[in-house]
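Residues per chain are reported as follows:
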Amino acid sequence: MADFNEVSKAFVKFYYDTFDSNRASLLPLYRDPSMLTFEGQQFRGAQAIVEKLASLPFSKVAHRVSTIDAQPSFNDGAILVSVTGQLLVDEEQNPQMFSQAFHLVPDNGQYWVYNDIFRLNYA
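Residues numbered from 1 in each chain as written. Predicted model: local features only at pLDDT ≥ 70, side-chain atom pairs only at ≥ 80, totals over all residues. Heavy atoms only, no water.

(A) Broad picture of the pairing of strand β3 (residues 61-72). As defined by bridge partners, β3 adjoins strand β4 (residues 79-89) across 11 bridges and the pair is classed as antiparallel. By the bridge assignment, valine 61 is partnered in β4 with valine 89. Remark: 6 residues form the turn of the hairpin made by β3 and β4, two consecutive strands paired antiparallel; glycine 77 in that turn has positive phi of roughly 90°. (Pairing = 2+ DSSP bridges. Helix = DSSP H or I, 4+ residues; strand = E, 2+ residues; numbered from the N terminus.)

(B) Representation of the sheet that holds strand β1 (residues 30-38) within the structure. Strand order in the open sheet formed by 6 strands is β2-β1-β6-β5-β4-β3, and the pairing between neighbours is mixed. Edge positions in the open sheet fall to β2 (41-44) and β3, since each of these has one partner strand only. Pairs of neighbouring strands in the sheet enclose a mean axial angle of 15°, with direction left out of account. As defined by bridge partners, β1 adjoins β2 across 4 bridges and the pair is classed as antiparallel. What sits directly across from phenylalanine 38, in β2, is glutamine 41. Along the sheet face, helix α1 (residues 4-21) touches β1, β3, β4, β5 (96-107) and β6 (110-121) and points at about 155° away from the line of β3. (Axes fitted to C-alpha atoms, helices over the stretch in contact; angles between N-to-C directions. Contact = heavy atoms within 4.5 Å.)

(C) Region of the structure containing the nonpolar core. Counting 31 residues, the largest nonpolar core has Phe11, Tyr15, Phe19, Tyr30, Leu53 and Phe102 as the members making the most contacts within it. For this core, the secondary structure elements donating two or more residues are α1, β1, α2 (46-54), β3, β4, β5 and β6. By residue number, the principal contributor to this core is α1, which donates 6 residues. Apart from the residues lying within four places of it in its own chain, the contact partners of phenylalanine 102 are Phe11, Tyr15, Tyr16, Ile79, Leu80, Val81, Val83, Val113, Asn115 and Asp116. (Core = buried A, V, L, I, M, F, W, Y, C linked by side-chain atoms within 4.5 Å. Buried < 20%, exposed > 50% of the residue type's maximum accessible area, 1.4 Å probe, protein only.)

(D) How the structure looks around α1. Taking 1.5 Å of rise per residue, the 18 residues of α1 would be expected to cover 26 Å, and the 26 Å separating its terminal C-alpha atoms lies within 8% of that figure. Among all positions of α1, only Val7, Ser8, Phe11, Val12, Tyr15, Tyr16, Thr18 and Phe19 are buried. The arc that holds the buried residues of α1, viewed along the axis, is 160°, so those residues lie on one side. Along α1, the residues that are exposed and aim more than 90 degrees away from the buried face are Lys13 and Ser21. If you follow the buried residues of α1, they end up packed against β1, α2, β3, β4, β5 and β6. Backbone nitrogen of asparagine 5 and a side-chain oxygen of the N-cap are separated by 2.7 Å at the start of α1; the cap is aspartate 3. (Expected span 1.5 Å × (residues − 1). Arc of directions from axis to C-beta. Polar contact = N/O pair within 3.5 Å; in protein donor to acceptor, adjacent residues only side chain to side chain.)

Such coordinate-based values are descriptive only and should not be taken to indicate function.
See the structure below:
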């Protein structure tokens, strides 16, 4: 069984590197039962989730991860991941704070996202 902390760190790096370079390439990380809650809006299924992410109104984005916390989930090998960080979009100089949670489910040595919750954090 893989170390859930190492898996979560590798997943977070891959996810945000992919998000920042080509959001449409996130499609393989989601499945039909996957659900995204993005700023209170809910989307179900891989295609609907990636369509939402690809339609976000910015062309350039950079995630700066501050914290990653992980715990094993109830399901054999599943992992709950919580991320906080800063988000820079387009030419903005002032980052926005964000938090995101993922519920990762194992499948033949890889993981896919069952739940994904994203929120900007306003002071």
